[in-house]
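Secondary and tertiary structure notes
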Amino acid sequence: MTADVLRRTPSAGPGPGVAEPTAREAGYRRLSVGALLVGTAILYLWNLSINGWANSFYTAAIQAGSQSWKAWFFGSSDMANSITVDKPPASLWLPALSVRVFGLSSWSVLVPEVLLGVGSVALLYLIVRRAVGHWAGLGAGAVLALTPVAALMFRFDNPEALLILLMIAACGAVLRAMEPGAASLRWMIAAGVAVGFGFLTKQLEVMLIVPAMAVTYLAFGPGRWPRRIGHLFAALGALLVSAGWWVLAVERWPAASRPYIGGSQHNSILELTFGYNGLGRLDGNERGSVGGGGRAHQMSGAVAEMVGPAGPGRAGGGGMWGSTGVLRMFEPAQGGQIAWLIPSALILGAAALVLIGRSARTDPRRSLLVLFGLWMLTMIGVFSFMAGIFHSYYTAAIAPALAAVIAAGAAVCWGRRDRLWVRIVLAGATWAAAVWGFILLQRSPDFVPWLRPSVLVVGAIAGALLLPARRGPLSAVAAAAAILAALAGPVAYTVDTVTTAKQGSIISAGPRVAGEFGPGAVGRHGRTPSSFGPGAPTGLGGRAGPGGLLSGSTPSDEMIAVLRTDAGAYTCVAAAVGSNEASGYQIATGFSVMPIGGFNGTDPSPTLAAFQKLVAQGRIHYFIGGSRGDFIGGGHGDFIGGGRGDVGSPGLGGPPGLGGSGVSAQIRTWVEANFAQTTVDGVQLYDLTAPK
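Every chain is numbered on its own, with residues counted from 1 as its sequence reads. Given that this is a predicted model, residues contribute local features only at a pLDDT of at least 70 and side-chain atom pairs are listed and counted only at 80 or more, while totals for whole chains, interfaces and linings are drawn from all residues. As a rule here, side-chain values come from all non-hydrogen atoms in the structure, and water together with hydrogens is ignored.

**Quick look at the overall build of the chain**
Scanning the chain from N- to C-terminus turns up 26 helices and seven strands. To sort residues, take the accessible area from a 1.4 Å probe on protein chains only and compare it with the maximum for the residue type: under 20% means buried, over 50% means exposed, and anything in between is partly exposed. Here the chain, with 692 residues, has 61% of them falling under the buried criterion. Contacts are assigned to residue pairs that have any heavy atoms within 4.5 Å of one another. In the chain, the proportion of contacts linking residues at least 24 apart, taken out of those at least 6 apart, comes to 72%. Labels follow the DSSP assignment, with helices taken as runs of H or I lasting at least four residues and strands as runs of E lasting at least two, numbered in each case from the N terminus.

Take a look at the structure:
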């Protein structure tokens, strides 16, 4: 389907209002596109291994999927299929296949993400080129490639890379459906399929682009209203089928022979969809979370210290995830990630729509600006007011829309710069980018200090030059200076991002920024890898030890040797509270480590009775101690057994306690009371085959 979006029929031409290039111009254009894509690939591949295992939560699931097809299908955290990650599995499928072919290494995990990033840049270029022309497409691709948070996510194993590609593909299919003579129904079905697989990537987040797609097609699509409405229903049907097949399979699969659905409290993918990953993100009422803005969660001192103060967020409704409100995208935690060009994009996009004016209803330039503009505004609005879990890297989903709007808007305005008011708009957009870039750079005063005044000066000069620049060399100089002033800040942040280790569950692009708060302020530069190679974990300063809620464990060589002893005789070589705690041990040993309670350690899986049964059957060798269980509340349930090769899924959890389930605490207490403790390089270890 994505290949169809990329493919262009010879009769399509470059789009209405876009002149056919000469042979010489076509050659230059091919070179420029090649430079964009090769440059993007080099940028994203540069020192890629510095990110080590990136998000070990997902890397462990990728490793599991490379060894077990069941784990691959469900997105299990471990090879024994005890519990899934708290997302659908689509983003894990490609890197898991890569690891299956090339073996486990940082490169085999992260190169697929880089390829998705290069593909996203290429696809956005082609979409914008069809409507507005080559240079606008080139600009859109470059802005996307150089947006700091996008560069961050295209070098990381979170779901964002695949999600971005699928969202671009969906919007590209809608725009193709609106072209004269196009097979509109086929393209709308393709759009629905892309959204459906976006759901299998990050559930309801992809649905934020659906209103923009529907409004744009209804307003500017070909044919009469009934035909357009029918096509939208066809797209909806395609969406439901392409997403629903996996959801139906999970819901109908016997719970005894599949993993527990991580992130849910009742082993339900529907609960995960509409609860923890759905409405809970909007109102903050996320059962199983470490704390959302919608209700207060009592936390231990260790957790409170980890996440930091809520800062200005509590009054604004975001709790530890930051303040909510119209300016959220411009606050310190988000500004340097995505907001560099938002003011300029709004200015240029609005002016371009005015210039397009009363052109034909199906003018592709208007359709593109409205589609990507609504995508951008919808996501900015939702992210700005969501009271639940919010991380700055979520804003990567805004980057393609922002890139398309600013590039297309600038191209339309540049083509009409013979008008004075248009030149004033171009100058104003340049000044806005320069002033806002100066403010963002000021938030990290020790980061390339000479860049701040340079951006301001170059931007001021560029804006002044644009005012008289109707044609000739002056126009070229003014345009080059404006682009330099606008992109200098994002480029500096992106270069810092690709040259700095980024690891853990919560990361952000660029340098430390004054005024950050909450979890987003933790580990701004990630952790420094201690070693790299197939099976080699990375950790904080090379120090071995347990992980935490936001970072993976880093086992020592001695611990790895202990865990690997007779590992093949057990379903799980060990168990640990929380997915990040378990992930480092699993990645390092190559054997399944059960993540008790899932990501937060708060999912009721496995129950105490289920865990006791597994221990009695000799299927778990060790319990790895830590300091994560003291903030987990109460709950209980009944285990439904699985086969020797899989741990299987527990039944429904009982009454929820503080933030989720107390099963993890119950298991820890039982282990401490019944098994002797040893210490390996400072880590508590309990041999579950040797009771007291």
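Next comes the rest of the write-up.
**Details of helix α5 (residues 90-102)**
Burial in α5 covers these residues: A90, S91, L92, W93, P95, A96, S98 and V99. Of the surrounding secondary structure, the elements contacted by the buried residues of α5 are α3 (56-67), α4 (69-74), α6 (106-132), α9 (160-177), α10 (184-202) and α12 (225-252). In the stretch just after α5, G103 is the one whose phi turns positive, near 85°.

**Some points on the nonpolar core**
The term nonpolar core refers to a set of buried residues drawn from Ala, Val, Leu, Ile, Met, Phe, Trp, Tyr and Cys, joined through side-chain atoms within 4.5 Å. Within the largest apolar cluster, 162 residues are counted, with the highest numbers of intra-cluster contacts made by F372 and W375. Top element by residues in this core is α9. It accounts for 15 residues. Contact partners of F372, with chain neighbours within four places excluded, come to L124, I127, C171, L175, P400, A401, A404 and V405. Membership of the second largest hydrophobic core comes to 18 residues, among which are A80, L614, V615 and V663.

**A short note on the sheet that holds strand β6 (residues 675-680)**
Taken in spatial order, the five strands line up as β2-β1-β3-β7-β6 in an open sheet, and their pairing is mixed. With one partner strand each, in any of the chains shown, β2 (593-596) and β6 form the two edges of the open sheet. The sheet shows a mean angle of 30° between the axes of neighbouring strands, taken without regard to direction. Two strands are counted as paired when DSSP detects at least two bridges linking them. Bridge count between strand β1 (residues 572-577) and β2: four bridges; the pairing is parallel. Looking across to β2, one finds that V577 is bridged to I596. Against the sheet, helix α23 (residues 557-564) contacts β1, β3 (620-624), β6 and β7 (683-691), and its axis sits at roughly 15° relative to β7. The angle between two axes is taken between their N-to-C directions and runs from 0 to 180 degrees, where each axis is a line fitted to C-alpha atoms and a helix contributes only its stretch in contact.

**Regarding the pairing of β1**
Counting buried positions over the six residues of β1 gives six, a clear majority of the element. Where β1 and β3 come together, four bridges link them in parallel fashion. By the bridge assignment, A574 is partnered in β3 with Y622. For the segment spanning β1, helix α24 (residues 579-589) and β2, crossover handedness is right-handed. By convention, a crossover is right-handed whenever its connection, traced from the first strand over the helix to the second and viewed with the strands pointing away, goes clockwise.

**A closer look at the environment of V671**
Examined against the element boundaries, V671 turns out to sit in helix α26 (residues 663-674). Linking V671 and P691, residues 20 residues apart in sequence, is a C-alpha distance of 9.1 Å. Not counting residues within four places of it along the chain, the set of residues in contact with V671 comprises F611, F623, Y686 and L688.

**Concerning the pattern of salt bridges**
For salt bridges, the criterion is a side-chain nitrogen of Lys or Arg within 4 Å of an Asp or Glu carboxyl oxygen. This model, assessed by the stated rule, comprises six salt bridges. Residues R365 and D363 are paired through a salt bridge, measuring 2.9 Å at the closest nitrogen-oxygen approach.

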